Every structure is written in structure tokens, then in C-alpha cells.
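What follows is the residue order along each chain.
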Amino acid sequence: MSLARAEPTMPEEHYLNSERGLWSWLTTQDHKRVGVMFLVAVLLMFLLGGCYALALRLELLTPEETVMGRLAYNRAFTVHGVVMVWLFLIPSIPTAFGNFLLPLMIGARDVAFPRLNLASFYLYVLGAALTLWAMLQGGVDTGWTFYTPYSTATGTDVMPVLLGVFVVGFSTIITGLNFITTVHTMRAPGVGWMRLPLFVWAIYGTSIIQVLATPVLGMVLVLVALERVAGVGLFDPARGGDPLLYQHLFWFYSHPAVYIMILPGMGVISEAVSVFSRKNPFSYRVLVWSTVGIAFVGFLTWGHHMFVSGQSTFGAGAFSVLSMLVAIFTALKIFTWLSTMYRGSIWVCTPFVYVLGFIFLLFFGGMSGVAVAVTSADLHWHDTYFVVAHFHFIMVGASLMAFLGALHYWFPKMFGRRYPEGLGVGTAVLIIFGFIATFLPQFLLGNQGMPRRYADYPEHFQPLHVASTAGASLLGFGFLIVAIYLGWALLHGAAAGRNPWESRGFEWYSASPPPESNFHEPPAFPHGPHDYARPGIEPEVGHAL
Amino acid sequence: MSELLRRLLFLPRQASTLASRVDDIHFFIILTTFVVGAGIGLTGFVFLLRYRRRQAHALTPHIEAPAWLEGLYISVPLAFFLLWGALGYRDYVWARTPPADALDVYVMGKQWMWKFAYPDGPGEVGVLHVPAGRPVRVLITSRDVIHSFYVPAFRLKMDALPGRYTETWFEAVRPGRYPVLCAEYCGVDHSRMRAEVVVLAPEAFEAWRARHKTQPAPGPGQVPELAMGVGARGPLAEQGRVVATRMGCFQCHTVDGTPHIGPTWRGLYLRDEPLASGGHIRADVAYLTESMMDPQAKLVAGFEPVMPSFQGRLSAADVAALVEYIQSLRPERPVPPAAQEPRYEPRAR
Ligand code: HEM
Ligand SMILES: [Cu+2]
């Protein structure tokens, strides 16, 4: 018996093997299994949206037609947008990692409504199926924003997609309600509000936005459907309707929705910065209150999508100022994360590379957001590739980095195994590099005057498009490597042990993978979730540096 | 300095008085961003080196941000953001307030072309002539879905909405030709919805205007194409063009392939035209002649019955010249089959 090389072993029984068979998964009420099913579903959606992204980039390689015609291009960017926004980014972190981790992080046995949780998954699958079915039936060419009057007039079949997104919205609302109730009622003794892990705060804030904003989306989708089917004339000027009304309603949901996409990612980063610096957050209260602030002020800025739409000059000024306020909360978080590293003990492993990438890219994505919120500058940038680059920096550069960071950070917790660390770090660097190569040229394209949603374009835009397409292939290659080594690790990775990162987070108190009921006995958390100033529970073996 | 930045950032040459204002705030924001970004990157890098993990179970000091530092983290960026917002808003108000003495032009977006008109003059498709050094107020609307009138060189953009007018203005600083794009997604040919602003020196503009008050403007791209066509078909075709100009045919027909109020003449000869009453007809000489004399007899699908009859107004020689001219307008390459484009049509009540 060589204790010195004691390989940490997997616990005998855990949620993955406690019951067997497909049916036990499909009828499960275990939040962890629901989380894993969501993880699989959103990864499939990411794959689909990613394939479309590569096809779009390929088409843009040359000014004229490259691989598809204009109508096909318009349909492809619509599929890409709808899938990425509604079927991947919005559900991704909350449903996959939120479901898995939230109860563990507050010491609960499950979420408040386990059956509803499963129902939420099936609603998501139903909505996704409807949407994709419609896309396969020839497709829709409205873009993910469904702007009227185009969406009420186009000959393509918009209705099933509206219905699909509507159903997915219900899934979102249910999950949000479930999380809010869970956080309010199921915290273990000693887990007060100001002792909640920061990821829980982020998911809580996100849930509030989801519950308040998503019904507006549902409503506006119904209105578009009514307009198409019954011709009620809400948006049709020929009948006294207002074409701008749609944009107001849509962005009233969709601006908060962009924070649904990023807040959970910020939660992941708040956790990971602390764990991998082995430091308490520089200011816990700043990270909490900025989350609340974003959730609140995010509702007041929708008009910045409409500076050139013909809205009043005064309105534009007001929305510009309000947008500046929401940007501050992000700036605060960035400074706080950076300061958290100060006098820490920093371990640069795969999740932390994603953290660094996240912070840097969020900075540029956020600053370009401020730039387009400057009313006069937006006269030039609105609806150009500058905006495309801006929101991809945030949605891909930040949200997706956070998703990958979360996947790598919690992979040992979820599956009890480790992946090859060197490969992880290398690929993370490759992905960040590929990302920059893809989207940095798009800022310049926007400056040059290239409008978005163009299937072909004047020749002088080509060099930057070529650069962007080259970057995209690098990026796609990076994702492929991640898929390969994580798939390998799932089957053959070394056993991870309970707490391979030496985290003080509450979720690591249970075994990895956790048992079916999360904790064998009611958990007691002797210190806060981000406390590295005092000795705590140590893992079975120290990690290699 | 700012010329260098403009080149580095791939911005088009500034061609309006608005452009330099927009660019200046742009440069201010970009420079600040890069300075702060470099600061963040450098700080992170130094921390990575300085506080690298050296020992597995290390404990770290508990550090809480002092309130004054939190205050600094809030107030410094906020001050910058509000400053940018205020400077930008000043220019935005300026850009949305046309001077009283501005020259008016009308812009109409339509799937998929831009039409321009002066209050007192004829319309143009795809080309807008304006004078340099004089404010021009642009009144914009749309006939179908939302479009967006975008002139990158002017840093100017304004949506075209069906059922209402939006307005903006610009003052071009130097003669030249500047692309107009559509920036709001509007269907299959969104990316082809392009036009041009031709900025003329003031005298040249006045001369152009005097000429075109009486004469309808030819369609876009007509001149070079005509040269080609005429070379092939001889002087009779040229005479046909003159007749067409005199009779005002170009108010409704183009010769560059864009459908306008009427079908384009480009490639019309021997084309199979779908009829409003169903069926097709080959646009041969007989059909062309009939269409001039009794346009409503065989109406092409998708067009309004608005063409007046030219019975008695065209001599036999005129008709021959016109037919010859239309025959000369061959497309360089075969016209691709029309896409199954979605179309916005106000529903029947
Ligand atoms: C932090 C998370 C953020 C996310 C996820 C995000 C995401 C997005 C997305 C998806 C769009 C494009 C919407 C479309 O398809 O038209 C967009 C546009 C925009 N964003 Fe952001 N954004 C974020 C932060 C910010 C910030 C901090 C600001 C300003 C202070 C900002 C200002 C804008 C503006 C003004 C537009 C509209 C630009 C235009 O269309 O001209 N964003 N953002
Ligand atoms: Cu358009």
C-alpha cells in the first residue's frame, strides 16, 4: 500500500450510476441529471449553430456568391442567430450548470420543484424541435430579431419559429421561478444571503430578469403571429399601426436578455478568480450589488438599439445616459476581479486561462458597447459589422469563454474525472487567439462601412473578410479539440477526487461525482465559500504545480 | 495624427461635415480604451508573475476593498462614459437638426432600390446629385419594409420607415461619388440595395439641375451601357434613346436591370414576360409596339397599370427607333432566374 501515491478514487455510488437505463434519465427528478441533460442539449445546439456560423463565414470569403445564394444566406444567418441566442446562450449556463450546482452550492438536496424542473427540460426540447423543424421546412429569413413589417410580410414560414421560441420562453420562465424559490427557501443553516456563493447570486439575478422580461417576449411573439394570421395591423402603417412599436417591445425584452446571457458567465468568473487565486474576492459586496444593479438598470436601456430608427432626439439622449450607468457595473466587476488576484496564489490552469480570456474580451466588448451607446458614433456604427463584433465579443468572447471555463472547472465535479491539463491550456490559448482573429477584423469592417446581414458586398471589404474567415476556422478547430479530449476524459480520464482544485466553494464538500442526494449528511459549512485566509478542508491529495 | 488614426482604423475618407465630428469622438474613445486595456493587461500580467502559486496549500491574506477605492472604481469610468455620452449627444443633436436654409431632397427606399427626388424636379433611381458645401436636408420614407439610408463616407445613417418620414441632413465637403448602402435588413436583395451620392461643385450642380428640370434623368449606369449598346446597333438606337428621354420613358423604366415603376428595358427584347392575367408573352417587336400604344392590353405581372398610352404621340419613326434601342439593351450575361423572394404587400382589407 503506497499512501504517498494514493490515487483519489471515485465514490462507489453516485448520481450517474445510482440508477441505470435511458428511462431512469428521462424520468429523473434529480437536478444533477436534469443539468447534465441540458448540458448535452445545449452542446448539440452549439454544434448546430457553429456549423451554420462556419458556412456563413465561408460564404463571405468572396464578394460574390461563394457557397450559397442570397436567400440561402439570409436563412442561414437566421438559423444561426435563433439557435445561438435562444437555444444555446440564454439557457446554457443557467440550465446546465445552474441546475447542477445551485442546490449543491447552498447545501440543499434538490431544487424546490424537481418535477417542474424536468418539465422545463421537456418544454425546451419541444420548443427547440419546433424551431428546428420549421428551419428544415425551408427556413425563415427574418433574422433572430423578427423585425416587423418584414417578418409579417415575408413569404417564408415564420409562424412555427415564433411558436418554438415562445415555448422555449416558458422553459426559461419556469427554470427562473424554480431557482428563485430554491434560493429563498432551501439554503442550509448558516448560508445567509451575504454568504451565498457568487455564482448563486449571479444565477439568482439572472432568474429575476428571466421571470420579468420573458413574458414580454411571449407577448410580442403573439402579436407578430396575430399580425401575420389575422392582419390586426398593430405594426402595419397601412392600417394605422406603428412599425417602431415592435422594436420597442422586442428590445424591452431583448436588452435584458443580453444580460441573461452574460450575468451567469460573470458568476462563473467571480467563482473561478477566487478559487484559482486562492483569495477572497476583493469586494464581495461590489460583486453582489453590481449583479443586482445590472439586473435592474438593464431594463432601462433598450432604446440604445434604436438611435437611428426615428425615435425622438431626447429619447436617444436619455437612453444613452442610462446605458452608461449599466456599463459601470461591468467596469466595477472587471476592476474587482483584477484586484482579487492581488497578493493571491495564482494557479494558471485551463479554467483560469478562460478566466483571463474572459476578462480581457469582456473589457473590449463592454467598451465597444459604450462606444455604440454614444449617440453620434452610433450614427456610423449602427447595423454595421462593428455592432456584430461588439456583441460577439460579449456573447462569444465572454459568455462562451465563461461557459468553457465552467465546463473545465466543474467537469471533475460533474463526472469525477480529469482531462489532460496541458492540452486544456494549449487549446484555451488557441481558442482565444482564434476568437480575436475572427472578430477583431469585424470592428474594422464596421468602421469601413460594411453593413451586417449582407450576403455579398463591394470588393474593397474583402481582405478583412478573408482574415475573419481564417480566424473562424482556427476557432472551429479549437472547439473540435476540446470536444475530443473532453470526450476522451469522460471515459478514460483519471479519477478526480473530491476537490481537485482545493476550492472552498460549498459544492466541493460533497463527493465528485456527488451522490444522488448530494450530501451524505446535512452539510455544515465552517467558513464562507470564498475564504482562503484560514485552513479549511483539504483534498485527499495536493495537486501538482 | 487623426489622418493616421483614420487609416489605421479603416475609416473611409471624411466627406461630410458630420464625419470629422463622429471620427473625433471615435478616436477619443478608442485611445482611452487602448490605454486602459493596456493597463489592465499589464496589471494582470504582473500579478500572474508576482503572485504565481508556489506551494499547494498556501493561505492568502484576507483583503477587503476600502470604500474609497470602490468609489474610485465607480467614479473614474463613469466620468469618462458620461463625458463621451455628452460630447456624442451634442453632435447627435446637431446631426438631427437640419439648418433652415437646407436644400430638400426626398429619399424613398423600396425593395431593393433607392429613389431620390427634388420637390420641384424629376426623380432619379440609384443616384442622388447634391451640391458640395451646402446643407442638404434628407426626408426619408419607405414603400414597403424598413430600410436604412447609409452613407459611410458621411458617417450618416437614418432608417426609412413605411408610413412615416424621418429626416436627417448632411453637408458634403468635396465633390466625388460616395456609395449609399441599405443598413437595415430588408429581404433577399438587401445586400444589393446600393446607390450613389454624386457630389458636384456648386456651379456644376446648378447646371445639372437646370438640365434636369426639363429632362427626366436617365436611370443609373445608363451612360456606359448605352455606349456599348449603341456601338453594336448603330445610330438608330441612339435616336431611340433620345426619343425615350424626350417622351419621359425613363421616369418609369430603367436600362440597368432594376425594376422601377415599370419593367426594366434591359434584356427585355425576346424575354418571356409573365402577365397579370396569367400566362406569358414573348416580348417581340409586336408586343413592344402594342405596349406603347395600348399598355393596359397585356399587363406584366407585378406592375401597376399606370403607363399612359402613346397612341398618336409617337411617330412610326419614333417607334422604330425605340424598338431598335430596346433591342440594343442586351444583358451582358443571362439573367438568373428570379429568386423566390418574399415581398411586402399591404394586405387587402
Ligand atoms: C455585458 C453584456 C452585453 C451583451 C451580452 C451585449 C449584447 C449585445 C447584442 C446581442 C447586441 C446586438 C443586438 C442586435 O442583434 O442588434 C448589442 C448591441 C448593442 N449594445 Fe450590447 N451587450 C452588452 C453590453 C453592452 C454595454 C455595456 C453597452 C453600453 C453601455 C452596450 C450597448 C449596446 C448598444 C448601444 C447596442 C446597439 C448597437 C447598434 O445596433 O447600433 N452593450 N449588444
Ligand atoms: Cu435593406
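On a predicted model such as this, the values are computed, not experimentally measured, just so you know.

## Examining the coordination of the copper ion (ligand 2)
Residue and element names in this part refer to chain B. Distances from the copper ion (ligand 2) to its protein donors, Cys182 (SG), Glu184 (O), Cys186 (SG) and His190 (ND1), fall at 1.9 to 2.6 Å. With 4 donor atoms in place around the copper ion (ligand 2) and angles of 81 to 148° between them, the coordination shape is irregular. Read from N- to C-terminus, the donor residues coordinating the copper ion (ligand 2) fall into the pattern C-x1-E-x1-C-x3-H.

## Looking at the packing of aromatic side chains
Following the criterion strictly, the structure yields 73 aromatic pairs over all chains and no others. In this arrangement the basic side chain of Arg33(A) is found over the ring face of Trp25(A), its NZ or CZ atom lying 4.2 Å from the centre. One residue, Lys157(B), lies across the ring of Tyr150(B), its end atom 3.9 Å from the ring centre.

## Thoughts on a positive patch on the surface
A grouping of Arg343(A), Arg50(B), Arg52(B) and Arg54(B) is seen on the molecular surface, where their side chains present a positively charged patch. With respect to the helices, strands and loops of the structure, Arg343(A) is situated in the loop between helix H10 (313–340) and helix H11 (350–373).

## Quick notes on the domain arrangement of chain B
Domain annotation of chain B identifies domain 1 (1–48 + 66–96), domain 2 (103–214) and domain 3 (236–329). Once you take the C-alpha centre of each, domain 2 of chain B and domain 3 of chain B turn out to be 27 Å apart.

## With respect to the site of ligand 1
All names here are of chain A. Lining the immediate environment of ligand 1, one finds 21 residues, of which Asp378, His382, His390, Phe391 and Arg452 sit closest. Contact between ligand 1 and His382: an oxygen atom at 2.8 Å from a side-chain N or O atom of the residue. A distance of 2.9 Å is found between a nitrogen atom of ligand 1 and a side-chain nitrogen or oxygen belonging to His390. Elements with a contribution of two residues or more to the shell around ligand 1: helix H8 (243–277), H10, H11 and helix H13 (385–415).

## A short note on the interface of chain B and chain A
With 91 residues of chain B at the interface, the matching set in chain A holds 113 residues. Roughly 8600 Å² of surface becomes buried between chain B and chain A when both sides are summed, with 64% attributable to carbon and sulfur atoms. Taken together, the connections running from chain B to chain A amount to 6 salt bridges. Asp456(A) is the salt-bridge partner of Arg194(B), the closest N and O atoms lying 3.7 Å from each other. There are 33 residue pairs in polar contact (both at pLDDT 80 or more) connecting chain B and chain A. Taken together, the elements giving at least two residues each to the side of chain B that touches chain A come down to helix H2 (17–50), helix H3 (67–95), strand E7 (156–160) and strand E9 (176–182) of chain B. Sorting elements by how many residues they give to the side of chain B that touches chain A places H3(B) first, with 17 residues. A breakdown of the residues in the side of chain B that touches chain A according to their chemical character gives 53 nonpolar, 19 polar and 19 charged.

## What to know about the coordination of the iron atom of ligand 1
One donor from the polypeptide reaches the iron atom of ligand 1: His390(A) (NE2), at 2.3 Å. Here His390(A) shows up in helix H13.

## Considerations on the packing of helix H4 (residues 114–136) of chain A against helix H6 (residues 159–185) of chain A
Residues and elements named next belong to chain A. The geometry of H4 relative to H6 is characterised by a closest axis approach of 8 Å and an angle of 160° between their N-to-C directions. Taken as axis vectors, H4 and H6 run roughly antiparallel relative to one another. As H4 runs across H6, the sense of the crossing is left-handed.

## Regarding the sheet that holds strand E8 (residues 166–170) of chain B
Residue and element names in this part refer to chain B. If you walk across this open sheet you meet the 5 strands as E3-E2-E1-E5-E8, and the pairing is mixed. Each edge of the sheet is formed by a strand with only one pairing partner; in this case those strands are strand E3 (123–125) and E8. When strand polarity is set aside, the average angle formed by the axes of neighbouring strands in this sheet is 25°. In the sheet, strand E1 (residues 103–110) pairs with strand E2 (residues 113–117) via 5 bridges, with the strands oriented antiparallel. Across the sheet, the residue bridging to Met108 is Lys115, located in E2.

## A word on unusual backbone geometry
Most peptide bonds adopt trans geometry, and most residues besides glycine take a negative phi value. The omega torsion across Thr148(A) and Pro149(A) is 0°, close enough to zero to call that bond cis. Looking at where Pro149(A) falls in the secondary structure, it is placed in the loop between H4 and helix H5 (150–153). Along the chain, Gln111(B) connects to Trp112(B) via a cis peptide bond; the corresponding omega equals -5°. Structurally, the position occupied by Trp112(B) is in the loop between E1 and E2. The phi angle at Arg278(A) is positive, at roughly 50°, despite the residue not being glycine. Tracing the sequence through the fold places Arg278(A) in the loop between H8 and helix H9 (284–297). Owing to a relative accessible area of 0%, Arg278(A) belongs among the buried residues under this scheme. One non-glycine residue, Arg343(A), lies in positive phi territory at about 60°.

Quick notes on the rules
Residues numbered from 1 in each chain as written. Chains lettered and ligands numbered in written order. Predicted model: local features only at pLDDT ≥ 70, side-chain atom pairs only at ≥ 80, totals over all residues. Heavy atoms only, no water. Donors = N, O, S within 2.8 Å, 3.2 Å for Na, K, Ca; no water. Tetrahedral: all angles 85-135°; square planar, octahedral: opposite > 155°, others 65-115°. Phe/Tyr/Trp six-rings, centres within 6.5 Å; stacked < 30°, edge-to-face > 60°. Lys NZ or Arg CZ within 6 Å of the ring centre and 35° of its normal. Patch = residues over 30% accessible without salt bridge, like charges linked within 9 Å, V, L, I, M, F, W, Y side chains within 5 Å. Areas by Shrake-Rupley, 256 points an atom, 1.4 Å probe, with all protein chains shown as cover. Salt bridge = Lys/Arg side-chain N within 4 Å of Asp/Glu carboxyl O. Lys, Arg positive; Asp, Glu negative; His and termini not counted. Charge placed at Lys NZ, Arg CZ, Asp CG, Glu CD. Helix = DSSP H or I, 4+ residues; strand = E, 2+ residues; numbered from the N terminus. Domains from an automatic or database assignment. Near = heavy atom within 4 Å. Polar contact = N/O pair within 3.5 Å; in protein donor to acceptor, adjacent residues only side chain to side chain. Contact = heavy atoms within 4.5 Å. Buried area = accessible area lost by both parts, 1.4 Å probe. Nonpolar A, V, L, I, M, F, W, Y, C, P; charged D, E, K, R; others polar. Axes fitted to C-alpha atoms, helices over the stretch in contact; angles between N-to-C directions. Parallel < 35°, antiparallel > 145°, perpendicular 65-115°, else oblique. Left-handed = near helix turned anticlockwise from the far one by under 90°. Pairing = 2+ DSSP bridges. Buried < 20%, exposed > 50% of the residue type's maximum accessible area, 1.4 Å probe, protein only.

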